[in-house]
Amino acid sequence: MSQYFKHLEPVKSPVLQMQLDELDLNELQQAIQQCIIDKGALAIPESYEPADYFPLKPENNEQEKLYTKAFEAGINAIQDGKVAAFTVAGGQGTRLGYNGPKGTLPVSPVKNKSLFQIFAEKILGYSEKYNVTIPWYIMCSPLNIEATTAFFKENQYFGFDESDVKFFAQGVMPATDFEGKLLKSSEDSLAFSPNGHGGSLKALIDSGSIADMKERGIEHLSYFQVDNPLISIINPLFIGLHILKNSDMSSRSLTKTGPFEKLGNFIITEGKMTIIEYSDLPDDKAQETDQNGRLRYRAGSPAIHVIRRDFIEKFANDSLSLPYHRAEKKVPYIDAIGELIKPETPNAVKFETFIFDALPLANNPIILEADRAEEFSPVKNKTGVDSLESSQKDQIAKAKAWLKTAGQEIPESETVEISSKFTSIEDLRGITLSIEKTDDAIYIDLK
Ligand code: UTP
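Residues numbered from 1 in each chain as written. Predicted model: local features only at pLDDT ≥ 70, side-chain atom pairs only at ≥ 80, totals over all residues. Heavy atoms only, no water.

1. Some points on the overall build of the protein chain
So the rule is basically this: Numbering of helices and strands runs from the N terminus, with a helix taken as a DSSP run of H or I at least four residues long and a strand as a DSSP run of E at least two residues long. We take the radius of gyration over the C-alpha atoms and set the globule estimate at 2.2 Å times the residue count to the 0.38 power. The cut-offs for exposure are 20% and 50% of the maximum accessible area for each residue type, with area from a 1.4 Å probe on protein chains only; residues under the lower value are buried, those over the upper are exposed, and the others partly exposed. In what follows, a contact means two residues having at least one pair of non-hydrogen atoms within 4.5 Å. Note on areas: these come from Shrake-Rupley sampling with a 1.4 Å probe, and a residue is covered only by the protein chains present in the view. When charges are counted, Lys and Arg contribute as positive and Asp and Glu as negative, whereas His and the chain ends are disregarded. The atoms used to mark charge sites are NZ of Lys, CZ of Arg, CG of Asp and CD of Glu.
Broken down by element type, the protein chain carries 12 helices and 22 strands. For 447 residues, the compact-globule formula gives about 22 Å, and the C-alpha radius of gyration of the protein chain, at 23 Å, lands near that figure. On the principal axes, the C-alpha backbone points of the protein chain span a range of 75 × 50 × 45 Å. For the protein chain, buried positions account for 51% of its 447 residues. Here the contacts in the protein chain between residues at least 6 apart in sequence split such that 73% fall between residues at least 24 apart. Of the roughly 21,700 Å² that the protein chain leaves accessible, carbon and sulfur atoms contribute 47%. Distance between charge centroids for the protein chain: 2 Å, based on 48 positive and 65 negative side chains.

Here's what the structure looks like:
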């Protein structure tokens with residue numbers, strides 16, 4: 001036992017004793033050092049510049065040629081079965097406060113489809129379009145994997161072949177109080193929490209998912225979060241640029257709505273790409289503008305990536321690892337007299353690694369701008385920004401815009417939903433649609 005750890009009293013519960021015995025003390029010691037002793041102050045680089053990105057639409061001839069080539073390369077990789085979908089769904093969704101895995105939350109405005117159903121339909125839509133089986137890997141946590149798999153089973157895997165959806169659990173870390181003392185969630189258990197979305201890299205390896213992908217010939221993973229129903233999961237241009245530029249890990253960016261929008265900022269420091277959190281970007285930097293009057297640090301991260309399988313393999317045996325971040329959260333715990341306390345304010349430190357910390361370790365990382373209205377409207381909060389209400393509004397606006405651009409005339413209605421099987425506006429052009437109309441809502445599907 002290291003200098004950091006001591007038992008204050010004998011442990012009575014055998015389960016708790018087993019948990020203590022199984023703790024990886026080296027890992028915990030590192031996490032405590034980084035997040036409690038050093039206060040989680042991951043060094044903010046002294047000098048940095050905004051990272052370059054590929055704009056959504058090509059801005060010159062050369063780019064136009066590149067985008068055309070990239071689109072083709074992307075389609076070829078998809079059709080050759082080299083791309084898998086990967087959802088990180090191990091978070092606890094504390095801000096939303098929904099009782100259940102977030103992917104099971106009904107979010108679509110007419111049919112109340114869950115996030116998981118929307119993603120399933122999208123992936124099946126791409127599979128059909130490109131005449132290939134696109135497997136789907138879903139990372140859960142030990143706390144929600146049972147409920148997640150039960151949900152898929154109840155819903156017959158939303159039309160997926162059971163062997164093409166793989167669930168696995170990420171690692172957990174014990175939560176501590178602000179002094180680094182382990183918290184108990186009951187007399188028999190430590191308070192564990194998932195180790196952050198960065199935990200996905202190791203979990204993909206440890207669960208055998210990477211080996212499964214290798215066997216299937218998968219070379220690239222389309223990484224997305226569980227909370228964004230607008231996600232463009234299989235995007236040929238993005239995948240193609242990632243391939244042509246030989247990138248280990250590529251990212252989409254959103255053009256920030258203002259200097260202080262709460263998105264991580266893509267930067268380059270000492271030749272490496274990384275993300276600096278919005279809270280760490282000094283105000284004067286955040287407000288800097290270029291010669292066109294645009295924010296210099298305008299590329300924000302919506303956490304959408306394509307990652308090479310062989311890059312992830314480098315994280316095996318801890319040869320590469322990610323630093324821990326300190327997340328101050330409300331964690332219910334058992335106090336000294338055995339009473340369960342449900343804190344009103346953050347009382348605990350959760351140790352989390354973040355996927356974007358893999359960027360500086362990646363070769364040739366590239367960024368492609370995304371269209372916010374088309375691709376990003378997450379459900380994170382109960383109300384206001386990034387809530388169910390705002391996301392449904394955006395889902396409806398996107399459906400209406402797609403129908404209009406595709407030249408489809410539909411009856412006037414406030415609320416419109418289109419089947420997630422439509423993968424692009426092109427899929428809607430010149431076909432006869434099935435239109436289901438209820439009082440004030442319309443649902444559009446394939447005939
Ligand atoms: P968030 O940062 O939104 O965290 O996760 P969260 O835990 O879901 O929600 P809050 O902060 O408690 O409200 C972004 C994405 O990363 C996944 C989430 O499921 C979501 O898709 N995630 C997060 C994991 O898979 N594991 C984790 O340990 C944390």
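2. Considerations on the site of the ligand
Definition in use: Any residue with a heavy atom lying within 4 Å of a molecule or strand is counted as near it. Any pair of N or O atoms that falls within 3.5 Å is considered a polar contact. Within protein, one atom must be able to donate a hydrogen and the other to accept it, and sequence-neighbouring residues count only if both atoms are side-chain atoms. Asp, Glu, Lys and Arg are counted as charged, while Ala, Val, Leu, Ile, Met, Phe, Trp, Tyr, Cys and Pro are counted as nonpolar; the rest, among them Gly, fall into the polar class.
Taken together, 19 residues form the shell around the ligand, and within it Val88, Gly90, Thr94, Gln170 and Gly196 come nearest. Between the ligand and threonine 94, the relevant distance is 2.4 Å, taken from an oxygen atom to a side-chain nitrogen or oxygen of the residue. For the ligand, an oxygen atom lies 3.3 Å from a polar atom in the side chain of lysine 329. A total of 560 Å² of accessible area belongs to the ligand in isolation, and the protein chains cover 90% of it. For the shell around the ligand, the per-class residue count stands at five nonpolar, 10 polar and four charged.

3. Points about helix H3 (residues 61–79)
The periodicity of an α-helix, 3.6 residues per turn, causes residues three or four places apart in sequence to face the same way. Short version of the rule: A helix is expected to span 1.5 Å multiplied by its residue count minus one.
The first and last C-alpha atoms of H3 sit 27 Å apart over 19 residues, in line with the 27 Å expected at 1.5 Å per residue. Turning to H3, its buried residues number three or more, namely Gln63, Leu66, Tyr67, Ala70, Ala73, Gly74, Ile75, Ala77 and Ile78. On its buried face, H3 is in contact with strand S2 (83–88), helix H4 (115–130), helix H8 (236–244) and strand S19 (367–369). A positive backbone phi angle near 75 degrees is found at glycine 81, which sits one or two residues after H3.

4. A word on the pattern of salt bridges
For side chains of opposite charge, pairing can occur when their charged atoms come near one another. Selection rule: Salt bridge, as applied in this entry: a Lys or Arg side-chain nitrogen positioned within 4 Å of an Asp or Glu carboxyl oxygen.
Going through the model one piece at a time under the given rule, you end up with 20 salt bridges. For the salt bridge of glutamate 436 with lysine 111, the shortest nitrogen-to-oxygen distance reads 2.6 Å. Here the residue glutamate 436 occupies a position in strand S21 (residues 433–438), and lysine 111 occupies one in the loop between S2 and H4, the gap between them amounting to 325 residues. Aspartate 227 is the partner of lysine 380 in a salt bridge, and the nearest nitrogen-oxygen pair spans 2.7 Å. Note that lysine 380 is positioned in the loop between helix H11 (372–375) and helix H12 (388–405) and aspartate 227 in the loop between strand S9 (220–225) and H8, a separation of 153 residues in sequence. Judged by its relative accessible area of 5%, aspartate 227 is buried. Among the charged side chains, a salt-bridge network with shared partners connects Glu49, Glu288 and Arg296.

5. Focus on the nonpolar core
Looking at soluble globular proteins, one finds that nonpolar side chains tend to be buried together. Threshold: What we call a nonpolar core is a set of buried Ala, Val, Leu, Ile, Met, Phe, Trp, Tyr and Cys residues that are connected through their side-chain atoms within 4.5 Å.
With 47 residues, the main nonpolar core has Phe116, Phe119, Trp136, Ile233 and Leu241 as its most contacted residues. Broken down by secondary-structure element, the contributors of at least two residues to this core are H3, S2, H4, strand S3 (136–140), helix H5 (145–154) and H8. What phenylalanine 119 contacts, discounting residues up to four positions off in sequence, is Trp136, Phe224, Gln225, Val226, Asn228, Pro229, Ile231 and Ile233. Of all hydrophobic cores here, the second largest spans 33 residues; its members include Tyr53, Ala203, Phe315 and Ala362.

6. A look at unusual backbone geometry
The phi angle at alanine 303 is positive, at roughly 65 degrees, despite the residue not being glycine. Mapped onto the elements of the fold, alanine 303 is located in the loop between strand S13 (299–301) and strand S14 (305–308). By relative accessible area, which is 14% here, alanine 303 ends up buried. With a phi close to 55 degrees, aspartate 386 is a non-glycine residue in the positive phi region. As for its position among the elements, aspartate 386 is in the loop between H11 and H12.

7. With respect to the side chain of lysine 102
Assignment of secondary structure puts lysine 102 in the loop between S2 and H4. For lysine 102, a relative accessible area of 14% translates into the label buried. Apart from residues no more than four positions distant in its own chain, lysine 102 is found in contact with Gly93, Leu96, Leu115, Val226, Asp227, Val379 and Lys380.

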